[in-house]
Amino acid sequence: MSLKPQDRTCLADLIGRDAVISVVDEFYNQIQTHPTLAAPFSAVHDWPGHKEKIGDFWWVVLGGKPQAPYKYDPVGKHFAAGFNSNLLEDWKQLFKGALDSHLDQELANKWFSRVQMIGENLLSQNERLINEN
Ligand code: HEM
């Protein structure tokens, strides 16, 4: 017997909103002094607003309902920020550290596999833009 979609507990509920917010908070605090990531992230001027937006982004990626009607343009913004595969590797390593310090291993790994998927996607969309320009 399989579960109906509405009976499945989504990753967002297993992790919980507070933990999502804590991971995002720690990650973006660390990014501001990171050797390679601080420079592209100097484009961010409103850190509380950025953290709130990205907290909601992850909440929805993990299966939760959006809390605010944010509009995203990740591909365009990352292209403008100089996104590339080296920065992505540094970003993922830092994010993994934040996940591991707030979540048990199983939940951290599940969230990280979504990071990997989105990262791959951003990279291929970014390369498409580079080839067009
Ligand atoms: C899997 C990896 C990543 C994910 C899931 C991710 C996700 C996001 C999202 C959802 C936004 C908000 C976009 C919007 O407001 O429309 C954002 C903004 C941003 N990201 Fe990433 N990102 C990743 C990796 C990176 C990397 C490697 C860089 C390094 C260049 C980067 C730099 C930025 C910057 C600077 C902004 C702010 C742009 C702005 O508001 O002008 N991100 N990211």
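One can find the structure itself at the top, above this paragraph.
What you see is a predicted model; the values in this text were computed from it and never measured. (Residues numbered from 1 in each chain as written. Predicted model: local features only at pLDDT ≥ 70, side-chain atom pairs only at ≥ 80, totals over all residues. Heavy atoms only, no water.)

(A) The overall build of the protein, seen in detail. For the protein, the helix and strand inventory stands at six helices and zero strands. When its helices and strands are written in sequence order, the protein yields α-α-α-α-α-α. A compact globule built from 133 residues would reach a C-alpha radius of gyration of about 14 Å, and the protein, at 16 Å, matches this within 12%. Principal-axis analysis of the C-alpha atoms places the extent of the protein at approximately 50 × 30 × 30 Å. Look at the contacts in the protein between residues 6 or more apart in sequence, and 71% of them connect residues 24 or more apart. Approximately 8,300 Å² of the protein is accessible, and the part contributed by carbon and sulfur atoms is 54%. (Helix = DSSP H or I, 4+ residues; strand = E, 2+ residues; numbered from the N terminus. Rg over C-alpha atoms; globule rule 2.2 N^0.38 Å. Contact = heavy atoms within 4.5 Å. Areas by Shrake-Rupley, 256 points an atom, 1.4 Å probe, with all protein chains shown as cover.)

(B) Geometry of the coordination of the iron atom of the ligand. Looking at the iron atom of the ligand, one finds just one donor atom contributed by the protein, His78 (NE2), at 2.0 Å. Along the chain, the position of His78 falls in helix H4 (residues 74-80). (Donors = N, O, S within 2.8 Å, 3.2 Å for Na, K, Ca; no water.)

(C) A look at the nonpolar core. Within the largest apolar cluster, 30 residues are counted, with the highest numbers of intra-cluster contacts made by Ile15, Tyr28, Ile31, Trp58, Trp91, Phe95 and Trp111. At the level of secondary structure, the elements contributing two or more residues to this core comprise helix H1 (11-15), helix H2 (17-31), helix H3 (47-61), helix H5 (85-102) and helix H6 (105-132). Of all the elements, H2 adds the most residues to this core, at seven residues. With residues near it in sequence (within four places) discarded, Ile31 still touches Leu37, Ala38, Phe41, Trp47, Trp91 and Leu94. (Core = buried A, V, L, I, M, F, W, Y, C linked by side-chain atoms within 4.5 Å. Buried < 20%, exposed > 50% of the residue type's maximum accessible area, 1.4 Å probe, protein only.)

(D) Seen up close, H6. Here H6 spans 40 Å end to end across 28 residues, near enough to the 40 Å set by a 1.5 Å rise per residue. Residues of H6 that are buried: Leu107, Ala108, Trp111, Phe112, Val115, Gly119, Leu122, Leu123, Asn126 and Leu129. In this fold, the buried residues of H6 make contact with H1, H2, H3, H4 and H5. The backbone nitrogen of Glu106 lies 3.1 Å from a side-chain oxygen of the residue at the head of H6, namely Asp104. (Expected span 1.5 Å × (residues − 1). Polar contact = N/O pair within 3.5 Å; in protein donor to acceptor, adjacent residues only side chain to side chain.)

(E) Region of interest: the pattern of salt bridges. Enumeration over the complete set of coordinates arrives at six salt bridges. In this structure, Lys92 engages Glu89 in a salt bridge whose closest nitrogen and oxygen atoms are separated by 3.4 Å. With a gap of three residues between them, Lys92 and Glu89 both fall in helix H5, about one helical turn apart. Close ionic contact of Lys96 with Asp100 constitutes a salt bridge, the shortest N to O distance being 3.1 Å. One end of the pair, Lys96, and the other, Asp100, are both in helix H5, four residues apart, so they sit about a helical turn from each other. Among the residues examined, Asp100 registers a relative accessible area of 33% and is labelled partly exposed. (Salt bridge = Lys/Arg side-chain N within 4 Å of Asp/Glu carboxyl O.)

The values are spatial; any link to function lies outside them.
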